[in-house]
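Fold and contact review
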Amino acid sequence: MKDATAIVGIGQTPFAKRLDESEKSLACRAILGALEDAGIAPSEVDGLASYTMEETDEVEVAKAIGAGDVTFFSQVGYGGGGSCATVAHLVGAIATGQATVGVAWRSRKRGSGTRPWGNAAAQLPTPAQWTRPFGLLRPADEIGMLARRYMHEYGATRDHLFNVALACRNRANQNPAAMMYERPLTREMYMTARWISEPLCLFDNCLETDGALACVLVSADRARDCRRRPVYVHAAAQGLPAQHHGMVNYWNDDPLRGPAWTAAQQLWKHADLGPADVDVAQIYDAFTVLVPLSLEGYGFCGRGEGAAFTEGGALESGGRLPLNTAGGGLSEAYVHGFNLITEGVRQLRGTSTAQVPDASTCLVTAGECVPTSALLLRS
Amino acid sequence: MTATVTASVTPVPADGMLLPVPDDDGAPFWAYAAKGELRVQACRDCGARRFPPRPCCPRCRSFEDEWQRVSGRGRVWSYVVAHPPLLPSYAALAPYDVAVVELVEDPAIRLVGNLVAAPDAPLGSVDAARLRIGAPVRAVFCTLGEGDERVTVPRWMLERP
Ligand SMILES: [Zn+2]
């Protein structure tokens, strides 16, 4: 499947704490925008992929946009862990002839809508019976637990987490579409911010966003005739490690070795490139600490070295690995990581608001600490 | 050797706290907890302990299990201190700690729980500044809720408060 397919269209709505339109309307706007960007008629769409948490299903999308007969549709679980997998499933479908024009999307009103953890009645027996009664209620609590252990084992500090938050914020300050476009972040603001779940403060947490995004995939042959420069999917992978528990990965021998390691092994095995060849990365950042964990998992540094990797402006423009160049989930928008995919495409088209000069390879990752996925894109 | 466990005598009102909703695999854990016993599932054939409970042994695939009583002694593996926004009943107690405790018998068996000053003391009753990764702790039990809702949960006290 190497380079057999390409992303030829991207679309998005505005990002805001509150948008008036429904998730379904936002989904349709993002999808139609992506098809317009590609120069492909909606009636040609025959493949659809999204998240199990997506509220607008394939039937509704296909009816609304006027899709033709759809011959492949797929949903991926585990929240933000499924972002890249939506594209990966379309890659497989197009490469094996099950579809010719695939659309992946995510629409979510997480900014003005309810917080998932706020619904106490929705707690599931497993593994919530082992965590919720003790007040481990929110994703920030579950990941905060791993964050403190990580800091303890490897000497990571709040300054390392700040490096991640700052790099994302600095890129958002260059991106007019970002929710934090006009909101600079300082070390003083970070260090005095209110706690959410110690050791994680407000700025270690992603934004709460209303918005939707989509992208369009076709075969590499067809991509050459599309409106935009094709961005090829060089490799794609999913990862569910042995004995892994999503979010609360406390119950195996090595809890800090997360799904990123499994996805990375599969990704690099099928790629002609390695971590050293990556020009720019879009690393899933629902929480700052997921970035050092992912840097280790995807092989940019050794085990336990992810925090130190962030030092010296490594994640900034011109650094060793420019990261989340539209601002990421921390500072552009949090739409379950789909904005990382579209920004990866913009980097390889040369149209990012924080363009890495001559970028030709981009790693995009989905949520770490849940069953995950990743894409290696090239121009 | 089984250390003494302490159970609170009178149930503490649940006051909007979330009570565990056991599944089939987890039900024995809560049944033993109601008797003031901390037990973990283990394979009857190969002896491997496993947590959370599940139908068969991931090492030898046996469906035969037993619930081994453990000493209730452990160490803090990690912890957070939760601040609002939280569910109202938890926000009222914030900031409070939540810890993951590894059992001395088997450090890969880790339980989420709260460090408290006494078995029936509220969440947040231990000064967070006292908490350290590696701190030795012991299990105590607290019965929450009333009537059919009654459920006994393990909690943890610092060995050296
Ligand atoms: Zn066994």
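Residues numbered from 1 in each chain as written. Chains lettered and ligands numbered in written order. Predicted model: local features only at pLDDT ≥ 70, side-chain atom pairs only at ≥ 80, totals over all residues. Heavy atoms only, no water.

1. A closer look at the overall build of chain A
The helix and strand tally for chain A stands at 13 helices and 11 strands. Against the globule reference of 21 Å for 379 residues, chain A gives a C-alpha radius of gyration of 19 Å, in line with a compact fold. Expressed along its principal axes, the backbone C-alpha trace of chain A runs to roughly 55 × 50 × 45 Å. Taken over 379 residues, chain A has a buried fraction of 65%. Here the analysis covers contacts within chain A between residues at least 6 apart in sequence; of these, 77% occur between residues at least 24 apart. Carbon and sulfur atoms form 49% of the exposed surface of chain A, whose accessible area is close to 13,100 Å². The averaged location of the 40 negative side-chain charges in chain A is 3 Å from the averaged location of its 33 positive side-chain charges. (Helix = DSSP H or I, 4+ residues; strand = E, 2+ residues; numbered from the N terminus. Rg over C-alpha atoms; globule rule 2.2 N^0.38 Å. Buried < 20%, exposed > 50% of the residue type's maximum accessible area, 1.4 Å probe, protein only. Contact = heavy atoms within 4.5 Å. Areas by Shrake-Rupley, 256 points an atom, 1.4 Å probe, with all protein chains shown as cover. Lys, Arg positive; Asp, Glu negative; His and termini not counted. Charge placed at Lys NZ, Arg CZ, Asp CG, Glu CD.)

2. Focus on the interface of chain A and chain B
Facing the 37 residues of chain A at the interface are 39 residues of chain B. Between chain A and chain B, roughly 3,500 Å² of surface is buried when both sides are summed, and carbon and sulfur atoms account for 63% of that area. For chain A, the biggest contributors to the area lost against chain B are Trp130, Phe134 and Met145 of chain A; these three give 23% of the whole. Between the two partners, chain A and chain B, sit 19 residue pairs in polar contact (both at pLDDT 80 or more). For the side of chain A that touches chain B, the secondary structure elements donating two or more residues are helix H4 (125-128), helix H5 (139-154) and strand S5 (195-198) of chain A. Of the residues forming the side of chain A that touches chain B, the biggest block, 7 residues, is contributed by H5 of chain A. Looking at the side of chain A that touches chain B, its residues break down into 16 nonpolar, 12 polar and 9 charged. (Buried area = accessible area lost by both parts, 1.4 Å probe. Polar contact = N/O pair within 3.5 Å; in protein donor to acceptor, adjacent residues only side chain to side chain. Nonpolar A, V, L, I, M, F, W, Y, C, P; charged D, E, K, R; others polar.)

3. Observations regarding the environment of Tyr90 of chain B
Within the element layout of this structure, Tyr90 of chain B appears in helix H2 (residues 88-91). Residue classification places Tyr90 of chain B among the buried residues on the basis of a relative accessible area of 0%. Distance from Tyr90 of chain B to Gly16 of chain B, taken between C-alpha atoms, is 8.2 Å for residues 74 residues apart in sequence. A polar contact is formed between the side chain of Tyr90 of chain B and the backbone oxygen of Pro133 of chain A, at a distance of 3.2 Å.

4. Focus: the UniProt feature "domain: Thiolase C-terminal" (unreviewed entry) in chain A
Within the UniProt annotation, "domain: Thiolase C-terminal" (unreviewed entry) is assigned to residues 254-366 of chain A. End C-alpha to end C-alpha, residues 254-366 of chain A measures 21 Å, and it is 35% helix and 7% strand. (UniProt positions renumbered as here; feature names shortened; annotations may be inferred.)

5. Digging into the packing of aromatic side chains
Evaluation of the coordinates by the stated rule reveals 13 aromatic pairs over all chains. Both rings, one in Phe162 of chain A and one in Tyr190 of chain A, keep their centres 5.3 Å apart while their planes meet at 50 degrees; by these two values the pair is tilted. Highlighted residues: Phe162 of chain A in helix H6 (residues 158-172) and Tyr190 of chain A in helix H7 (residues 187-191), separated in sequence by 28 residues. Grouping residues by exposure puts Phe162 of chain A and Tyr190 of chain A together as buried. Through a chain of ring-to-ring contacts, the aromatic side chains of Trp130, Tyr250 and Trp251 of chain A together with Phe29, Trp30, Phe51 and Trp77 of chain B assemble into a single cluster. The lysine or arginine in question, Arg138 of chain A, covers the ring of Trp117 of chain A, its NZ or CZ lying 5.9 Å from the ring centre. For Arg39 of chain B, the ring lying beneath its charged end belongs to Tyr32 of chain B, and the centroid distance is 4.7 Å. (Phe/Tyr/Trp six-rings, centres within 6.5 Å; stacked < 30°, edge-to-face > 60°. Lys NZ or Arg CZ within 6 Å of the ring centre and 35° of its normal.)

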